[in-house]
Amino acid sequence: INRGPCILSFASAIVQDSVRSVIYVADYQQRRIVSISLEDDSCSVVAEDVGLVDSLSFDFIHLDLYFTRSDSPSISRVSVADSLPAQPRLVLHLQRADLVRSIAVHPCRMLIFFVNGGQVPSVESVYMSGFDRKRIIEEDLGNPNGRSLDFATDKIYFADLLNRAIYRADLD
């Protein structure tokens, strides 16, 4: 994909900001996150040297982009409200045994939800500050992957590849 000054070599994650009419794309090979305007295809570097990004989620209230890394298991955030490129901030350092596959933020609850396909498969939450990490679901999970938040009903949906099922659960 070639958009303005950016050439993406391997897009590993994508999320939309519908208010600003942009998409944010993680370039796995170039280890950066870029924004691409949906109006004129212009491109800007949001953050560089972000490592191997696997998943993105956008906080539309605070204008923060949250992302997970597989090379140094962690959850970080970068503000897109300020001048770009911006410096990412670590939210939560994870263990090597953790394998975060998917992330979603709930800005009204100030929570991050993520699917962990590591040694203890689980669906977890943590506050946007990085405190109070909790396993919401860990029983009978084989290989959880994917997720979607329903803000209206406060439910999380996720898939389990091993069990060949889609689950729904309360956020707490």
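For clarity, every value in this text was computed on a predicted model and none was experimentally measured. (Residues numbered from 1 in each chain as written. Predicted model: local features only at pLDDT ≥ 70, side-chain atom pairs only at ≥ 80, totals over all residues. Heavy atoms only, no water.)

Draft legend 1. Expanded view of the overall build of the chain. When helices and strands are counted, the chain shows 0 helices and 17 strands. Here the chain has a C-alpha radius of gyration of 16 Å; the compact-globule value for 172 residues is 16 Å, and the two agree. Taking the principal axes of the C-alpha coordinates as reference, the chain spans close to 45 × 30 × 30 Å. A total of 172 residues make up the chain; the buried ones form 47% of that total. Taking contacts inside the chain between residues at least 6 apart in sequence as the whole, the part at least 24 apart equals 31%. Summing over all exposed atoms, the chain offers an accessible surface of approximately 8,900 Å²; the carbon and sulfur share of this is 47%. One finds the centroid of the 17 positive side-chain charges in the chain at a distance of 3 Å from the centroid of its 23 negative side-chain charges. (Helix = DSSP H or I, 4+ residues; strand = E, 2+ residues; numbered from the N terminus. Rg over C-alpha atoms; globule rule 2.2 N^0.38 Å. Buried < 20%, exposed > 50% of the residue type's maximum accessible area, 1.4 Å probe, protein only. Contact = heavy atoms within 4.5 Å. Areas by Shrake-Rupley, 256 points an atom, 1.4 Å probe, with all protein chains shown as cover. Lys, Arg positive; Asp, Glu negative; His and termini not counted. Charge placed at Lys NZ, Arg CZ, Asp CG, Glu CD.)

Draft legend 2. Layout of a nonpolar patch on the surface. Together, Phe60, Ile61 and Phe151 make up an exposed nonpolar region whose accessible area comes to about 290 Å². Along the chain, the position of Phe151 falls in the loop between strand E15 (144-150) and strand E16 (155-160). On the basis of relative accessibility, which here comes to 41%, the residue Phe151 falls in the partly exposed class. (Patch = residues over 30% accessible without salt bridge, like charges linked within 9 Å, V, L, I, M, F, W, Y side chains within 5 Å. Salt bridge = Lys/Arg side-chain N within 4 Å of Asp/Glu carboxyl O.)

Draft legend 3. Expanded view of the environment of Leu162. Structurally, Leu162 is set in the loop between E16 and strand E17 (165-170). For the pair formed by Leu162 and Asn143, sequence separation is 19 residues and the distance between their alpha carbons is 5.2 Å. If we skip the residues at most four places from it in the chain, Leu162 touches Gly142 and Asn143.

Draft legend 4. Summary view of the pairing of E16. Burial along E16 is one-sided: the residues Ile156, Phe158 and Asp160 are buried and none of Lys155, Tyr157 and Ala159 is. Both E15 and E16 contribute to a ladder of 5 bridges, which runs antiparallel. Across the sheet, the residue bridging to Leu149 is Ile156, located in E16. Between E15 and E16, which pair antiparallel and follow one another directly, the connecting turn spans 4 residues, one of which, Asp154, has a positive phi of 55 degrees. Once E16 ends, the chain turns through 4 residues before running back antiparallel as E17, passing Arg164 with a positive phi of about 55 degrees. (Pairing = 2+ DSSP bridges.)

Draft legend 5. Highlighting the sheet that holds E15. Strand order in the open sheet formed by 3 strands is E15-E16-E17, and the pairing between neighbours is antiparallel. The open sheet has two edge strands, E15 and E17, and neither has a second partner. Each strand axis lies, on average, 20 degrees off the axis of its neighbour in the sheet, ignoring direction. (Axes fitted to C-alpha atoms, helices over the stretch in contact; angles between N-to-C directions.)

Draft legend 6. Representation of the sheet that holds strand E11 (residues 100-106) in the model. Read across the sheet, 4 strands follow the order E11-E12-E13-E14 without closing on themselves; strand pairing throughout is antiparallel. With one partner strand each, in any of the chains shown, E11 and strand E14 (134-137) form the two edges of the open sheet. Averaged over all pairs of adjacent strands, the angle between strand axes in this sheet comes to 30 degrees, irrespective of strand direction. By the bridge criterion, 6 bridges tie strand E12 (residues 111-116) to strand E13 (residues 122-127) in an arrangement that is antiparallel.

Draft legend 7. The pattern of salt bridges, seen in detail. As enumerated under the stated definition, the model contains 9 salt bridges in all. A salt bridge links Arg20 to Asp17, with the shortest nitrogen-to-oxygen separation between them at 4.0 Å. By relative accessible area, which is 36% here, Arg20 ends up partly exposed. Among the salt bridges present, the one from Arg133 reaches Glu124, with a minimum N-O distance of 2.5 Å. Classification of Glu124 as buried rests on a relative accessible area of 1%. Several salt bridges converge on common partners, so that one network encompasses Asp98, Glu124, Arg133, Arg135 and Glu138.

Limitation: the analysis is restricted to geometry and does not speak to function.
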